[in-house]
Amino acid sequence: MALWLALAALAFQAPPADRPCTAQEIRDLTTPSDQPYRLRCRAELSGVDIRRRVLIEGAEASGASLDCGGGAVRAPGQATTSAPTVAVWSRRDGEGWSRPVDVTVRNCTVVGNVRIWGMGAGGSMRDLLASSRTAGHTQAAQSAAPIRVTLDRVRFEGAGTIPLYVGPGVTRTTVTRSTFSGRSTSTAVYLDAESAGALIQDNDFDIRTGREQIAVDGSGANRIVGNRLALGGKGGVFLYRNCGEDGVIRHQTPSYNQITDNVFTSAGWLRPRAVVIGSREGGRRYCGDDRGWPFGSSANDSDGATGNVTARNIVRR
């Protein structure tokens, strides 16, 4: 009986970062710096701005949360892909990966970008490239990536880069009751290859983009529900598989997604393109860069989008 109780207690042990931040940790978090703050606790602020980048990295950050209380995260300088405003990242750990799970960011204005990433975090594509050349890449990428990241009532203020990037293999990301504003030279939200199970619900998109608002690139089983998107003549939600980019083989197809009950305004008159399933079907100069393997986009450049559901969306030109 004692052994069973000990095993049960171990099984239900709280994640390491599921604890209130100390007063000193709060002071460090809110002290301006050029260096990122490694968040490993539950920070609850009362509207005080954070003037440094926030890094939530590895298994030791599991259970961490940031509630800005209406304040903002403003990193010094320009937010980039390799140095985002807020990063939820996995870290190489010997032969495997140390990943954060059950992370929450709420009630924050994020000026710049949020990056959720497993293999390839920080910009190195070597591990991702090598894994993509194995038959079990989708499972490997998902096992290495953050899972169950919640972004609730976040105000994304784009400053050029993609405000929210959900990287390869990331699963069960939730984005609710949030707003997207500012500008992006690309998209507002990007769901990358091998990611799955995201819920994007009840958000407002009023952001100037260079492309479509939401890209679903080899990402599956996502739900994009009840959002309001001001397109400004650009596209809405595009589903495709970006074959060959950076030589990385895309295994998963953009399939079994649900895009329902959304309102698209200011769509283009001639080509409204609110939801486009299979928007590329190859046709990129780099599609041949992943050739030579008998699976995924190496074997077939098509998007392969199947089983997707679109219903009850409203499109206004």
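Keep in mind the model is a prediction, meaning the values are calculated, not measured. Residues take numbers from 1 onward in each chain, read along the sequence in its written order. Residue-level local features of this predicted model are given only where pLDDT is at least 70; pairs of side-chain atoms are given and counted only at 80 or more, and the full residue set underlies all totals for whole chains, interfaces and linings. The side-chain figures draw on all heavy atoms in the structure; neither hydrogens nor water molecules are used.

Enquirer: Looking at this structure, I do not really get the packing of aromatic side chains. What am I missing?
Expert: The relation between two aromatic rings is expressed through the spacing of the ring centres and the mutual angle of the planes. In this analysis, rings of Phe, Tyr and Trp, with Trp reduced to its six-membered ring, are considered paired at centre separations within 6.5 Å, and the interplanar angle assigns stacked below 30 degrees, edge-to-face beyond 60, and tilted for intermediate values. Taken as a whole and assessed by the stated rule, the structure comprises four aromatic pairs. Ring geometry for tryptophan 117 and tyrosine 165: centres 5.0 Å apart, planes at 25 degrees, overall stacked. On the criterion of sequence distance, the pair formed by tryptophan 117 in strand E11 (residues 114-117) and tyrosine 165 in strand E14 (residues 164-166) is long-range, its members being 48 residues apart. Assigned by exposure class, tryptophan 117 and tyrosine 165 land together as buried. With 4.9 Å between their ring centres and 10 degrees between their planes, tyrosine 165 and tyrosine 190 make a pair best called stacked. With a gap of 25 residues between them, tyrosine 165 in strand E14 and tyrosine 190 in strand E17 (residues 189-191) connect regions that are remote in the sequence. In terms of burial, tyrosine 165 and tyrosine 190 fall into one category: buried. Cluster of aromatic residues (ring-pair linked, three or more members): Trp117, Tyr165 and Tyr190. The way it works is that DSSP assigns letters per residue, a run of H or I at least four long becomes a helix, a run of E at least two long becomes a strand, and they are numbered from the N terminus. Here the term buried applies to any residue with accessible area under 20% of the maximum for its type, exposed to any over 50%, and partly exposed to those in between, with areas from a 1.4 Å probe on protein chains only.

Enquirer: Sorry if this is basic, but what is going on with the sheet that holds E14 here?
Expert: Sheet strands pair by backbone hydrogen bonding; their relative direction is either parallel or antiparallel. Pairs of strands are assigned from DSSP output, requiring at least two bridges between the strands. Strand order in the open sheet made by the nine strands is E1-E3-E6-E11-E14-E17-E21-E24-E27, with parallel pairing throughout. The open sheet terminates on both sides in strands that have one partner only, identified here as strand E1 (37-38) and strand E27 (275-277). Sheet topology note: the strand E24 (residues 237-240)/E27 ladder contains three bridges and is parallel. Bridge pairing in E27 places leucine 239 opposite isoleucine 277.

Enquirer: Teacher, can you tell me more about the sheet that holds strand E4 (residues 65-67) here?
Expert: Pairing is parallel across the open sheet formed by nine strands, whose spatial order is E2-E4-E9-E12-E15-E18-E22-E25-E28. The sheet terminates laterally at strand E2 (42-44) and strand E28 (309-311), the two strands that pair on one side only. If you compare each strand with its neighbour and ignore which way they point, the axes differ by 5 degrees on average. With three bridges joining them, strand E15 (residues 174-176) and strand E18 (residues 199-201) adopt parallel strand pairing. When the sheet's bridge partners are listed, valine 175 is paired in E18 with isoleucine 200. Axes, fitted as lines to C-alpha atoms, cover a helix only where it is in contact. Angles between the N-to-C directions of the axes lie from 0 to 180 degrees.

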